[in-house]
Amino acid sequence: MKVRLRELQPFDKEAAEAAIKHDHGLHPHDEYLKPGRIPHIWCPGCGLGVVLTTFIEAMRRKNITPDQCAVVSGIGCTGRVAGYLNMDTYHTTHGRAIPFATGLALAKPDLHVTVFSGDGDLFAIGGNHMIHAARRNVNLKVICVNNFNYGMTGGQVAPTTPLGAKTSTTPRGNAEPGFNLPHLAHAAGAVYVARWTTFHPRQLVHSISQTFDKTGFTFVEAIAPCPTGYGRPNKLGAGLDEMKFYGEHSEIRNGAPPGDAEIELRGKIVVGTFIDVDRPDFLTSYNSRIVSAAQAKGKQKEKVKIA
Amino acid sequence: MKFWRLPLDAEAHSIPQGEVRIIESRCKGCGFCIEFCPNGCLKVSKRFNSKGYHPPELVFQAEDCVECGLCTLICPEFAIFTQLKEPKKITEEDIQRVTTRFSRKDKRYLRR
């Protein structure tokens, strides 16, 4: 068989830049996105783009410019968010988004530091960082996009996969129950806990814009469809079918105890704003106890020297 | 249900008119905007875009867009948005149309 190859054409930089400029700036959200990065790599029907859109919309609603905000993300499909936003972003190693963001939030207290990461990154390898940051009440906003599996590596079982769900590493059904993320975040001490699916974009915008006003550790879980990794083995259909499923099976219960928000395969999903309390955050309690004590000690020494 | 006259405060209110803009080269054909548009303004077009997906298209009753902005929010690809045109004054036709065609029992998606 004779194979015909297309002629190689040298890379035309000017034409590539013109193509980038042609599309960038058409959409009103493009001022928050890096030029030339859209279209993103996420699959058709993936809910990650919806969560990114709602985050940008919440920033626009609160009049937060890109230089007042920093986004830290881990590894995975959701970790790509850091590459798409046109602001100070950092793409950390696997599971270490929260330690990096903790340092950033303590060094720059007036910056809105958002951790944008997936369930496998935040709760599997970074689980301890997450619960200890919530215990200390560091001034962080965590947006966890939950798609029930490790999507980027090929749909392996994750700590959030429900009992009985099929993934590429559990072909006969998962034998372990999954995490209840809002309950975990509440038990660890988060001051704001909410869960929405991508079927509720307006509520998600409202929740994320509420977290910009809070000081302390806020946690928003966004349940997103994953048609390739989770939908196909579990016969949930394409992304659109999963969205319809969330619309039919989600039950809005604001203020419900987070312990009720267990997720079962093909079961009801309890969504809503569960917890909204106030607690002194880490930086204020650190300043009021340790820094002020050290300053008082330093003043005593100065007095002794002068005398 | 039928209204027998215009509401007395009809002049104080207006219907916002939106214009849907679609960036076709970005669309990946997930169909979220088509499914979840509350007024059923969009449908799948028969054309292909440069990636080989079918982008959404405005249906004939595209003046029904009221600029709610749900398509902007629910599009994962930053490929669709709405712009506000001049608001329209409420006429008797609008009220009849809204009460008959957009009643809750009506299955709008069958009309496409």
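On to the pattern of salt bridges, then. All names here are of chain A. For the structure on display, the rule yields 14 salt bridges over all chains. Of the charged contacts, one joins Glu251 and Lys268 as a salt bridge, the two residues approaching to 3.9 Å between their closest N and O atoms. On the criterion of sequence distance, the pair formed by Glu251 in strand β9 (residues 250–252) and Lys268 in the loop between β9 and β10 (269–276) is long-range, its members being 17 residues apart. In this structure Glu251 comes out as partly exposed when scored by relative accessible area, which is 28%. The residue Asp260 makes a salt bridge to Arg253 at a minimum N-O spacing of 3.2 Å. Using a relative accessible area of 40% as the deciding quantity, one classes Asp260 as partly exposed.

This part takes up the domain arrangement of chain A. One can read the domain layout of chain A as domain 1 (40–276) and domain 2 (282–307). Using C-alpha coordinates to define each centre, domain 1 of chain A is positioned 40 Å away from domain 2 of chain A.

As a further point, take the interface of chain B and chain A. Contacts between the two partners involve 24 residues from chain B, matched on the other side by 32 residues from chain A. Interface of chain B and chain A: buried area, both sides summed, is about 2,300 Å²; carbon and sulfur atoms make up 69% of it. When the area that chain B buries against chain A is broken down by residue, the three leading residues are Arg26(B), Leu73(B) and Phe78(B), summing to 34%. Remark: the boundary between chain B and chain A carries two salt bridges. Between Asp30(A) and Arg26(B) there is a salt bridge; the shortest N-O distance is 3.0 Å. Where chain B packs against chain A, one counts eight residue pairs in polar contact (both at pLDDT 80 or more). Where the side of chain B that touches chain A is concerned, the elements lending two or more residues are α1 (32–36), α2 (70–74) and β5 (80–84) of chain B.

Residues and elements named next belong to chain A. Its 14 residues give helix α2 (residues 48–61) an end-to-end C-alpha distance of 20 Å, which sits within 8% of 20 Å, the value for a rise of 1.5 Å per residue. Burial in α2 covers these residues: Leu48, Gly49, Val50, Val51, Leu52, Thr53, Thr54, Phe55, Ile56, Glu57, Ala58 and Met59. Asn63 lies just past α2 and shows a positive phi near 55°.

We now examine the sheet that holds strand β3 (residues 112–118) of chain A. Hydrogen bonds between backbone atoms are what pair the strands of a sheet, whose relative direction is either parallel or antiparallel. All names here are of chain A. Pairing is mixed in the open sheet, where eight strands are placed in the order β2-β1-β3-β4-β8-β7-β10-β9. Where the open sheet ends on each side, the last strands, each with one partner, are β2 (88–91) and β9. Taken pair by pair, the neighbouring strands of this sheet meet at an average axis angle of 20°, ignoring direction. In this sheet, strand β8 (residues 218–223) lies alongside strand β7 (residues 192–197) in parallel orientation, the contact comprising six bridges.

How each quantity is defined
Sequence order as written defines the numbering, with residues in each chain counted from 1. As a convention, the first chain written is A and the first ligand written is 1, with the rest following in written order. Given that the model is predicted, a residue must reach a pLDDT of at least 70 before its local features are reported, and side-chain atom pairs must reach 80 or more before they are shown or counted; all residues, however, enter totals for whole chains, interfaces and linings. Excluding hydrogens and water, the side-chain figures rest on all heavy atoms present in the structure. Every case where a carboxyl oxygen of Asp or Glu lies within 4 Å of a side-chain nitrogen of Lys or Arg is listed as a salt bridge. Counting from the N terminus, the helices are DSSP H or I runs at least four residues long and the strands are E runs at least two residues long. Burial classes follow relative accessibility: with a 1.4 Å probe on protein chains only, a residue under 20% of its type's maximum area counts as buried, one over 50% as exposed, and anything between as partly exposed. Residue ranges assigned to the domains are those given by an automatic or database domain assignment. Contact definition: two residues touch when any of their heavy atoms are within 4.5 Å. The quantity reported as buried area is the accessible area (1.4 Å probe) lost by two parts once they are put together, taken as the sum for both. In the analysis that follows, any N or O atom pair within 3.5 Å is treated as a polar contact, provided that within protein one partner can donate a hydrogen and the other can accept it, and provided that, for residues neighboring in sequence, both atoms belong to side chains. A helix is expected to reach a length of 1.5 Å times the quantity of its residues less one. A strand pair is defined by DSSP finding two or more bridges across the two strands. To obtain each axis, a line is fitted to C-alpha atoms, and for helices this fit is confined to the stretch in contact; angles are then taken between N-to-C directions over 0 to 180 degrees.

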